[in-house]
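Each chain is listed here by its residues.
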Amino acid sequence: MADECFRHPRLAAVYDALDPDRADLDPYLRMAEEFGARRVLDIGCGTGVFALLLAERGLDVVGVDPAGASLDVARGKPGGERVRWIHGDATTLPPLTVDLATMTGNAAQAVVDPEDWRGTLREVRAALRPGGRFVFETRVPARRAWEEWNREATHTVTEVPGVGAVESWVDLLDLNGPLVTFRWTYVFAVDGQVLTSDSTLRFREREEVEAELDAQGYAVEDVRDASDRPGREFVFVARRPRTAD
C-alpha cells in the first residue's frame, strides 16, 4: 500500500512543490539514451515527473503506481496524455514489453517484504525484452541516512502557489534490522490542518541485491554511483539475458 504522502489528495497535490529539485533523475535520462530505450516502464512513478520527462523525448512510457491520488496529479499535468498510467504495482502489470524498466527515488526500498521484492523482480523481468535492462537505486546502508531524519535537519516551510505555506519535517520512529520507519508531518498554514505520513524502507546490502537479481535470472551488468549523491547510493543496472528462457 502506498504511504499517505502519496495517496492523500491534499499531500499528493503539494508533493512536487515540497521536493522541487529532481537532479536525481538526470542520470536515468542519460541511461535511457545510453541504452537506446524506446519503451520504458517507470515503476513507482508517483506524480509522473520522470515518466513525463521521458515522454517529452518521444519515448513510449508506462507509469505504474499504487497511489491513485498521485496518478491523478500525473494525469493532470501537461503532456499527461502521452503516458499510459496504471494504478497498481509491478506485480499486477498487464502484458507488455519494454526496453527499460526503472525505479527512481529509492522506490525499490519501499518494497519491504522479501517475497514482494522477489515478485517485483520476476514480473519486471517478464516485462523486459531479451537484452532489456532494469535500473534502480537503493541507499548504501553503511551511510546510515536515517541519522539525518529528524526535525532539526529537515524542518522547512514552503510557500506553495495556490495553497499557501506548508510546514514539513521528518522524525525517525524505529530501527529494526534492515527496516527503518519514519514519519513526515505536514502543517497547512491556511487552515492549520496537520497531516502525517508513516513510511518504512528496507536497506539492502549490495551483495544481497546482487544475489536476488541473480536468483531471478538477471545478469548484473553494472553497479554505479549516483552522480548527485556520491557514495550514498547503489545504482543497479541489471539485464535480462538475450538467451532463451
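Think of each chain on its own: its residues are numbered from 1, step by step along the sequence as written. Residue-level local features of this predicted model are given only where pLDDT is at least 70; pairs of side-chain atoms are given and counted only at 80 or more, and the full residue set underlies all totals for whole chains, interfaces and linings. In computing side-chain values, all of the structure's heavy atoms are included and hydrogens and water are not.

(A) Structural detail: the overall build of the protein. If you tally the helices and strands in the protein, you get eight helices and 11 strands. The principal-axis extent of the C-alpha atoms belonging to the protein is close to 60 × 40 × 30 Å. A separation of at least 24 residues holds for 59% of the contacts in the protein among residues at least 6 apart in sequence. Computed with a 1.4 Å probe, the accessible areas rest on the Shrake-Rupley method; for each residue, only the protein chains presented here act as cover. In the form shown here, the protein has an accessible surface area of approximately 11500 Å², with 49% of it arising from carbon and sulfur atoms. We count Lys and Arg on the positive side and Asp and Glu on the negative side, and we leave His and both chain ends out. For charged residues, the charge sits on one atom: NZ in Lys, CZ in Arg, CG in Asp, CD in Glu. Charged side chains of the protein number 30 positive and 43 negative; the gap between the two group centres comes to 5 Å. Here a strand is any run of E in DSSP of at least two residues, a helix any run of H or I of at least four, and the numbering for each starts at the N terminus. The contact criterion used throughout is that any non-hydrogen atoms of two residues lie within 4.5 Å.

(B) Layout of the environment of A189. By secondary structure assignment, the location of A189 is in the loop between strand 8 (179-188) and strand 9 (194-202). Only protein chains enter the calculation, and the probe is 1.4 Å; a residue is then buried if its accessible area is under 20% of its type maximum, exposed if over 50%, and partly exposed in between. Judged by relative accessible area, A189 falls into the exposed class, the value being 57%.

(C) The side chain of R240, seen in detail. With respect to the element layout, R240 can be found in the segment after strand 11 (233-239). Nitrogen and oxygen atoms within 3.5 Å of one another constitute a polar contact, given that in protein one can donate a hydrogen and the other can accept it, and given that sequence-neighbouring residues count only through two side-chain atoms. For R240, the side chain forms a polar contact with the main-chain oxygen of R125, separated by 3.0 Å. Within the local environment of R240, its side chain forms a polar contact with the backbone oxygen of L128, the two atoms lying 2.9 Å apart.

(D) Structural context of the nonpolar core. Put simply, a nonpolar core is a bunch of buried Ala, Val, Leu, Ile, Met, Phe, Trp, Tyr and Cys residues held in one set by side-chain atoms that sit within 4.5 Å of each other. Core analysis: the largest hydrophobic core is formed by 29 residues, its most contacted members being L41, I43, M103, F134 and F136. When residues of this core are traced back to their parent elements, those giving at least two are strand 1 (39-43), strand 2 (60-65), strand 4 (98-103), helix 6 (114-127), strand 5 (128-139), helix 8 (206-215) and strand 11. When residues no more than four places from it in sequence are discounted, the contact partners of L41 are V62, V64, L93, V98, L100, A101, T102 and A127.

(E) How the structure looks around the packing of helix 3 (residues 26-34) against helix 4 (residues 49-56). Following both chains from N to C, one finds helix 3 and helix 4 inclined at 40°, their axes separated by 11 Å at the closest point. Judged by the angle between their axes, helix 3 and helix 4 are oblique. As helix 3 packs across helix 4, the resulting crossing turns out to be right-handed. Across the interface between the two elements, Y28, L29 and A32 from helix 3 touch F50, L53 and L54 from helix 4. Each residue is assigned to one of three groups, with Ala, Val, Leu, Ile, Met, Phe, Trp, Tyr, Cys and Pro labelled nonpolar, Asp, Glu, Lys and Arg labelled charged, and all others, Gly among them, labelled polar. In terms of residue class, the contact of helix 3 with helix 4 is built from six nonpolar, no polar and no charged. All axes here are fitted lines through C-alpha atoms, helices being fitted over the stretch that makes contact, and every angle between N-to-C directions spans 0 to 180 degrees. Small angles under 35 degrees read as roughly parallel and large ones over 145 as roughly antiparallel, with 65 to 115 read as roughly perpendicular and the rest as oblique. Crossing chirality is assigned from the near helix's rotation relative to the far helix, an anticlockwise turn below a right angle marking it left-handed and a clockwise turn marking it right-handed.

(F) Region of interest: unusual backbone geometry. Positive phi values are uncommon outside glycine, yet N106 reaches one of about 60°. Mapped onto the elements, N106 comes out in the loop between strand 4 and helix 6. On the accessibility criterion, N106 (7% relative accessible area) is buried.

(G) Representation of the environment of V83 within the structure. Here V83 shows up in the loop between helix 5 (68-75) and strand 3 (84-87). Residue V83 is classed as buried on the basis of its relative accessible area, which comes to 7%. Once the C-alpha coordinates of V83 and T156 are considered, the two residues, 73 residues apart in sequence, prove to be 32 Å apart. Every residue in contact with V83, bar those within four places of it in the chain, is listed here: A51, L52, A55, V61, V62 and G63.

(H) Structural view of the sheet that holds strand 3. Here seven strands make up an open sheet; going across it, the order is 3-2-1-4-5-11-10 and the pairing mixed. The open sheet has two free edges, formed respectively by strand 3 and strand 10 (219-225), since each of these has just one partner strand. In this sheet, neighbouring strand axes are inclined to one another by 15° on average, regardless of whether the strands run parallel or antiparallel. Here, any two strands with at least 2 DSSP bridges between them count as paired. Judged from the seven bridges that link them, strand 5 and strand 11 form a sheet pairing that is antiparallel. From the neighbouring strand, F136 faces strand 11, where its bridge partner is F236. Those strands touched by helix 6 are strand 1, strand 4 and strand 5, and its axis lies near 145° from that of strand 5.

(I) A look at empty space enclosed by the protein. Points on a 1 Å grid, built from protein atoms alone, make a cavity when a 1.4 Å probe fits but cannot get out and make a pocket when they are open with protein on both sides within 12 Å along at least 5 of 7 lines; residues with an atom within 4 Å of a point are the lining residues. Grid points are joined across faces, edges and corners, and a volume is the space filled by probe spheres set on the points. Under the defined criterion, the tally for this structure stands at one cavity of 30 Å³ or more. Of the pockets and cavities examined, the largest cavity occupies roughly 40 Å³. What lines the largest cavity is simply F35, G36, A37, D99, L100, R129, G131, G132 and R133. Residues that form the lining of the largest cavity fall into these classes: three nonpolar, three polar and three charged.

That's the geometry; what it means functionally is another story.
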